[in-house]
Amino acid sequence: MATASCLLSEEKFLCSVCLDVFTEPVSTPCGHNFCRACIHTYWDNSDICQCPFCKRAFSPRPELHVNTIMSELAAELKKSVQVKASTPDPQLTETANILCDICSEIKEKAVKSCLICLTSFCEVHLEPHQRVAVLKSHTLIDPVRDLDGRMCKKHNKITELYCRTDQASICVLCFKSDHKGHNIVSLEEEYEAVMAKKDDAMANIQKMIQSRSEKISEIENSFDVCQREAEKEKEASVQILADLICFLQRSQAELVEVIEEKHKAGKEKAEGFLKELRMEVAELENRSSQLEQLSQSEDHHLFLQNFQTLCSPLEKDWANIDVHSDLSFEAVRGTVTLLKQRVDEIMEELPEIKMEKMREHAVDLTLDPDTAYCTLVISQDGKQVTNVYIDQKLPNNPKRFYMFPDILAKEGFTTGKFYYEVQVKGKTCWTVGVVRESVERKGDTTLSSKNGFWTFRLDEGNYSIFENNSAKITLKEELQKVGIFVDYNKGVVSFYNVDSKSHIYSYTGHRFTEKLYPYFCPEVSENGTNSAPLIITPVPQTH
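Residues numbered from 1 in each chain as written. Predicted model: local features only at pLDDT ≥ 70, side-chain atom pairs only at ≥ 80, totals over all residues. Heavy atoms only, no water.

A. Local environment of the nonpolar core. Trp430, Phe456, Ile484, Val493 and Phe520 are the most contacted members of the largest nonpolar core, which totals 48 residues. No other element matches the five residues that strand E20 (residues 516–521) contributes to this core. If we skip the residues at most four places from it in the chain, Phe520 touches Leu365, Leu367, Pro405, Asp406, Ile407, Ala409, Tyr420, Val422, Thr431, Val432, Leu534 and Ile536. One finds Cys15, Cys38, Cys51 and Leu73 within the second-largest nonpolar core, a separate group that totals 19 residues. (Core = buried A, V, L, I, M, F, W, Y, C linked by side-chain atoms within 4.5 Å. Buried < 20%, exposed > 50% of the residue type's maximum accessible area, 1.4 Å probe, protein only. Helix = DSSP H or I, 4+ residues; strand = E, 2+ residues; numbered from the N terminus. Contact = heavy atoms within 4.5 Å.)

This is how it looks when you write it as structure tokens:
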């Protein structure tokens with residue numbers, strides 16, 4: 001790299017597994033970064049799930065997400081490296097390595113090059129040019145490489161002139177033919193004119209170097225700040241959740257203790273009742289035995305004397321006595337359930353988690369040729385649609401759109417949730433969304449939710465939706481891929497920026513009564529700039 005800061009910057013974005021600039025960088029729980037594919041391959045081929053850098057082990061295997069900031073910085077770095085590689089350094093004069101063209105055995109170092117002979121000479125072989133009258137008139141310069149490159153390819157003559165009109169070196173014959181009437185000067189004059197601008201050019205280059213060095217420092221500092229903030233947030237979040245876990249564990253222990261104490265008290269109470277009841281049963285059995293014996297005696301006086309005592313009821317009434325213990329904790333369970341639901345809601349507000357939840361409802365779509373407008377062409381796999389602007393004279397079909405370049409997916413939905421992603425990269429105008437089955441297909445209909453279209457559009461650099469009237473949507477960055485999520489039962493259609501995982505807009509409060517179909521419109525050409533296809537892309541599988 002050109003500077004130490006650039007080298008330092010590049011080193012920060014190298015994966016320690018593949019030793020190349022990050023591709024889809026992910027961060028491990030220990031804070032180290034790797035390419036997503038590299039770390040997964042490393043773990044798949046290892047018996048232990050550990051960090052390749054610090055060897056810290058993880059159990060279970062952690063779920064990794066792309067580090068957005070690191071990914072963007074790595075992409076910028078790759079772009080700058082590609083630009084630098086595609087811009088070759090100007091060929092500078094290196095006299096030390098230019099050898100004499102005449103030497104046959106041991107080549108001596110050249111001291112001069114002749115623009116007439118197109119040959120470089122050492123001190124010995126240059127001698128005729130210093131002695132012979134004809135050769136003395138030749139133009140000698142310090143040794144240079146590629147003397148043929150100084151010849152006019154058309155006239156095979158030395159380029160001694162410069163055309164300021166075409167900014168090209170030319171020969172005298174070019175001056176009289178192809179460049180007649182142009183602003184022509186000698187190479188020396190143009191050299192002097194350019195040299196006069198050298199200081200300003202050098203100063204401008206230094207300014208550009210300075211501005212880019214400052215931007216490098218700014219990005220590096222920003223990354224360091226983001227890293228520290230991420231660590232701080234991670235520690236704070238982990239601490240809060242750890243405290244919550246401790247609180248719940250403590251509450252669980254207390255709740256279990258209360259339940260066990262209530263159960264113990266109920267058990268002791270029941271055992272007391274059982275003991276008392278068994279004693280009364282024993283007494284009653286004894287009375288029954290005595291009464292049986294007295295009934296067999298001929299001593300009438302004794303029988304009558306003891307009969308009332310043996311038959312008298314026991315004092316305690318057991319009818320309304322039970323041992324039921326109130327172990328109901330429905331209020332506690334209800335509160336804990338509400339707490340869990342709230343935690344789930346908060347977690348789902350995080351873009352990465354929300355996107356992952358939606359992707360659980362991903363559907364595999366195929367474009368329906370029976371609905372395609374006559375100028376649309378569908379790829380063989382049914383995932384791409386392009387507007388070729390040529391009427392293909394398709395057969396009549398009640399499902400086909402006849403007014404605009406629209407097309408639907410074959411798959412329709414009447415319940416539940418579904419999600420899919422559409423690549424819009426390279427297009428300047430497009431519309432995507434969902435429509436109800438009965439939408440107008442032959443006439444000019446406004447793409448409003450009232451007419452059964454829940455769509456999102458780019459046109460002339462403006463993003464917009466069509467709730468009742470068209471409304472512009474402001475986005476910070478150009479969309480490359482759109483995610484569409486539909487909750488049929490709740491009447492919601494939402495649009496997302498897949499790359500940033502950010503929410504764009506949601507149609508809400510609708511009541512769907514018909515089958516909904518994914519809708520695509522690649523729109524018309526804008527001087528050939530809108531020829532890219534709309535592509536239904538595979539949705540990454542959630543872990």
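B. Local environment of the environment of Phe520. Checked against the element boundaries, Phe520 lands in strand E20. Residues Phe520 and Ile536 lie 16 residues apart in sequence; the distance between their C-alpha atoms is 9.6 Å.

C. Here's a closer look at a nonpolar patch on the surface. A cluster of nonpolar side chains, contributed by Met202, Ile205, Met208 and Ile209, occupies part of the molecular surface with about 330 Å² of accessible area. Structurally, Met202 is set in helix H8 (residues 198–295). Met202 sits in the partly exposed class, given a relative accessible area of 43%. (Patch = residues over 30% accessible without salt bridge, like charges linked within 9 Å, V, L, I, M, F, W, Y side chains within 5 Å. Areas by Shrake-Rupley, 256 points an atom, 1.4 Å probe, with all protein chains shown as cover. Salt bridge = Lys/Arg side-chain N within 4 Å of Asp/Glu carboxyl O.)

D. View of the sheet that holds strand E4 (residues 119–121). Strand order in the open sheet formed by three strands is E4-E3-E5, and the pairing between neighbours is antiparallel. For this open sheet the edge positions go to E4 and strand E5 (140–141), each flanked by a neighbour on one side alone. As judged from the three bridges shared by strand E3 (residues 112–114) and E4, these two strands associate in the antiparallel manner. Within E4, the residue paired with Ser113 across the bridge is Ser120. (Pairing = 2+ DSSP bridges.)

E. Representation of unusual backbone geometry in the model. Each neighbour pair has its own omega, and for Ser59 with Pro60 the value is 0°, a cis peptide bond. Looking at where Pro60 falls in the secondary structure, it is placed in the loop between helix H2 (36–44) and helix H3 (68–86). Residue Gln167 is not a glycine yet carries a positive backbone phi of 55°. Along the chain, the position of Gln167 falls in the loop between strand E6 (161–163) and strand E7 (168–170).

F. The arrangement of a negative patch on the surface in detail. Together, Glu254, Glu257, Glu260 and Glu261 give the surface a local cluster of negative charge. With respect to the helices and strands, the residue Glu257 is situated in helix H8. (Lys, Arg positive; Asp, Glu negative; His and termini not counted. Charge placed at Lys NZ, Arg CZ, Asp CG, Glu CD.)

G. Structural detail: the sheet that holds strand E19 (residues 502–507). As summarised here, the arrangement of the seven strands in space is E9-E10-E21-E12-E17-E18-E19, forming an open sheet in which the pairing is antiparallel. Every other strand in the sheet has two partners, leaving strand E9 (376–378) and E19 as the edge strands with one partner each. On average, each strand axis in the sheet is inclined to that of its neighbour by 20°, with strand direction left out of account. In this sheet, strand E18 (residues 492–497) lies alongside strand E17 (residues 481–487) in antiparallel orientation, the contact comprising six bridges. Bridge pairing links Val486 to Val493 in E18. (Axes fitted to C-alpha atoms, helices over the stretch in contact; angles between N-to-C directions.)

H. Layout of empty space enclosed by the protein. Applying the stated criterion across every chain yields a total of one cavity of 30 Å³ or more. If you trace the largest cavity, you find it lined by Phe401, Tyr402, Met403, Phe404, Asp406, Glu440, Arg441, Lys442, Gly443, Thr445, Leu447 and Phe453. The class makeup of the residues in the lining of the largest cavity is six nonpolar, two polar and four charged. (1 Å grid on protein atoms, 1.4 Å probe; cavity = no way out; pocket = protein on both sides within 12 Å on 5 of 7 lines; lining within 4 Å. Points joined across faces, edges and corners; volume = space filled by probe spheres on them. Nonpolar A, V, L, I, M, F, W, Y, C, P; charged D, E, K, R; others polar.)

I. Fine view of the environment of Pro405. Relative to the helices and strands, Pro405 resides in the loop between strand E10 (384–387) and strand E11 (407–408). Separated by 30 residues in sequence, Pro405 and Thr375 place their C-alpha atoms 6.9 Å apart. Not counting the four nearest positions on each side in its chain, Pro405 is found in contact with Tyr373, Thr375, Leu376, Asn387, Phe520, Cys521, Pro522 and Glu523.

J. Here's a closer look at the side chain of Asp406. Turning to its location among the elements, Asp406 is positioned in the loop between E10 and E11. Buried and unpaired, Asp406 has no salt bridge, with Arg457 as the nearest side chain of opposite charge at 8.7 Å. A polar atom in the side chain of Asp406 sits 2.8 Å from the side chain of Tyr519. With residues near it in sequence (within four places) discarded, Asp406 still touches Thr371, Ala372, Tyr373, Leu376, Phe401, Tyr519, Phe520 and Cys521. (Polar contact = N/O pair within 3.5 Å; in protein donor to acceptor, adjacent residues only side chain to side chain.)

What is shown is where atoms sit, not what they do.
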